[in-house]
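# Structural description and commentary
The primary structure of each chain is shown beneath.
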Number of protein chains: 2
Amino acid sequence: MKIFQRAEIEAVIRQPEAIAAIAAGFVAYSKGEVTVPPVGYLGFTHPPGDLHIKYGHIRGDAVCVVKIATSFYDNPKLGLSSSGGLMLVFSARTGVPEVALIDGGFLTDFRTAAAGAVAAQHLAPKNLRAIGIIGAGIQARLQLDLLRQVTPCRRAIVWARDPEKARAYQIEGFTIEVAASVAELAARSNLIVTTTPANEILLRAEDVRPGTHITAVGADSPGKQELDPALFARAEVLAVDSRLQCFDHGDSSHALRLSFASRERFVELGELIADPRLARTREDQITIADLTGLAVQDIQIAKLALAGLGRNPAV
Amino acid sequence: MKIFQRAEIEAVIRQPEAIAAIAAGFVAYSKGEVTVPPVGYLGFTHPPGDLHIKYGHIRGDAVCVVKIATSFYDNPKLGLSSSGGLMLVFSARTGVPEVALIDGGFLTDFRTAAAGAVAAQHLAPKNLRAIGIIGAGIQARLQLDLLRQVTPCRRAIVWARDPEKARAYQIEGFTIEVAASVAELAARSNLIVTTTPANEILLRAEDVRPGTHITAVGADSPGKQELDPALFARAEVLAVDSRLQCFDHGDSSHALRLSFASRERFVELGELIADPRLARTREDQITIADLTGLAVQDIQIAKLALAGLGRNPAV
């Protein structure tokens, strides 16, 4: 087994290839070509932390991927990142562990941002006034950075709970303005990406203008929420990365529970990519993509890293 | 993350320490001190194979362990072992992946054999006439090898489906005889270890003499069976490594289903080690230990390897 560290991995991952790989992953997932066992979980209390195991295999692939992601909230006190872990790539023909990618969460961050670009590519209106980014963390910056691949728009409006962080925000090639409120951001943007760990409504339905696409990536586990459930009643396309996951704990779950949308109204991103008739049909529609993060994204991004590192399996 | 290969790992694992560590692991497990999430599973069809993930954490431990074990049945055609995989050791304080033990199944084999020695230590009669080993694979040999730590008996009777394999059997220090049948083996031994992947009765109740201890390690997944369920009615101590697992798929599960034993009659090995009054009380009793294999054994043996390799975590 060969080990690669974060810097080596970052050097070989390119935005266009990552976006294409994640799109292909969504299609495979929605076609039922991906075996995805339930996520494994191990919790710690002293100090508080957790370890998640996501893994799976795409039918016919030469490799399978096991991702072990850790979150230890007190790590920054020790000068360590709170999130860590690795992706292990095994031969799907022999079970031999081929490669360990000690990416420190980079590949997860990148595949999540690539999914946002895929959603925008298929759902955002043609002419973007401005891109509204809610949140100012790593994911917020990466989302904007990857959107450059799917739109010529280089104007961004940022809102974050901490205005200092919003003001410090810089992404090469983009003109960035700080909004005083989420409502102001929504008034000025027609592509909005929410990237926070919020557990209550951040983006209100009445603040969203017709012709806006919203990608929500924050609600990746039970209890989290960013979007007003009422927004799902106004939106005309409701896309999810996975019905299974989004109906369980995505922003969609709140809309379903409160009857702002019925299950039949949702389409998986993989279905929509394969059949563009399911996507936006008019410029004035509101569309939503609820992304909870799939193991198939980990598989796809790990395969890309593997190819970039020249480590495609022999068998 | 530092990687260690099988040869380095084999060189630092000692039988007495392994037996003591496994015994301590059983006690911790039965005291409820071990977090053991459900086993993860990923199956493959072309070629046939599977990947299992066992993981867990003992309360207060500085590390947790994730074992990924693979079985690819066509591997021998490629000159590879059918079983493989690795154990990953993470800091339980920071989540940092400390060590990968690419043991090729060695640690699993060893911790399984060490559990057999623990069972014999606490349940076998004092004076052993001969040790009967059913099966002639790696596990059969390792079981006998580790029993040297818990009994002075050096006489073994072996039976295997393939008599050639039984005749080829050699373990340093032991006198080994081949039995023509399981019944003959049972007549001549008062400690019997079953180590086969059988899915029907191998050891019949009527063939077992009073004063015999039987350790069954083969039935580690649904559908497998080695012991006559009627034996559970004759036996006076029924020990299991885990009620949860053995009642689900151990030899005990068949005895329960057919009402040869009730649930209250079973004791966990960890309870029995902590309270010797639960073990054998007379030399003429029949006792059974049904071992399905626990993640806590993986944790304990990985910690032992870690210490031997001088890689105890800093934090």
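Residues numbered from 1 in each chain as written. Chains lettered and ligands numbered in written order. Predicted model: local features only at pLDDT ≥ 70, side-chain atom pairs only at ≥ 80, totals over all residues.

Broken down by element type, chain A carries 11 helices and 17 strands. Over its C-alpha atoms, taken along the principal directions, chain A stretches across nearly 55 × 45 × 40 Å. Within chain A, counting contacts between residues at least 6 apart in sequence, those at least 24 apart form 68% of the total. (Helix = DSSP H or I, 4+ residues; strand = E, 2+ residues; numbered from the N terminus. Contact = placed C-beta atoms within 7 Å.)

Right, let's get into the interface of chain A and chain B. Contacts between the two partners involve 37 residues from chain A, matched on the other side by 37 residues from chain B. Of all the secondary structure elements, the ones that give two or more residues to the side of chain A that touches chain B are β3 (40-45), β4 (48-58), β5 (63-72), β6 (83-91) and β7 (97-102) of chain A. Class assignment for the residues of the side of chain A that touches chain B results in 24 nonpolar, 12 polar and 1 charged. (Nonpolar A, V, L, I, M, F, W, Y, C, P; charged D, E, K, R; others polar.)

To go from the first copy of the chain to the second, apply a rotation about an axis and then a shift along the same axis. Mapping chain A onto chain B calls for a rotation angle of 180° and an axial translation of 0.0 Å; the resulting RMSD is 0.0 Å. Viewed as a symmetry operation, the transformation between the two copies matches a two-fold axis. Distance from the rotation axis, computed per C-alpha, reaches its smallest value in chain A at glycine 40 of chain A: 3.5 Å. Interface overlap between copies: 100% of the residues of chain A at the interface are likewise at the interface in chain B, consistent with a symmetric, same-surface contact. (Least-squares fit on C-alpha atoms with pLDDT ≥ 70 in both.)

Let's shift gears to the pairing of strand β17 (residues 287-290) of chain B. All names here are of chain B. Burial along β17 is two-sided: Thr287 and Ala289 facing one way and Ile288 and Asp290 facing the other are all buried. As judged from the 4 bridges shared by strand β13 (residues 213-216) and β17, these two strands associate in the parallel manner. Counted as the bridge partner of alanine 216 is aspartate 290 from β17. Where strand β15 (residues 237-240) meets β17, 4 bridges bridge the pair, whose relative direction is parallel. Note on β17: the bridge partner recorded for leucine 238 is isoleucine 288. (Buried ≥ 20, exposed ≤ 12 C-beta atoms within 10 Å, placed from the backbone. Pairing = 2+ DSSP bridges.)

For the rest of this paragraph, the subject is the domain arrangement of chain A. Residue and element names in this part refer to chain A. Along its sequence, chain A is carved into domain 1 (2-107 + 296-308) and domain 2 (113-295). Once you take the C-alpha centre of each, domain 1 and domain 2 turn out to be 23 Å apart. The interface of domain 1 with domain 2 comprises 19 residues on the first partner and 17 residues on the second. Those elements giving two or more residues to the side of domain 1 that touches domain 2 turn out to be α2 (15-30), β4 and α11 (295-308). The element that contributes the greatest number of residues to the side of domain 1 that touches domain 2 is α2, accounting for 10 residues. For the side of domain 1 that touches domain 2, the class distribution of residues is 12 nonpolar, 4 polar and 3 charged. (Domains from an automatic or database assignment.)

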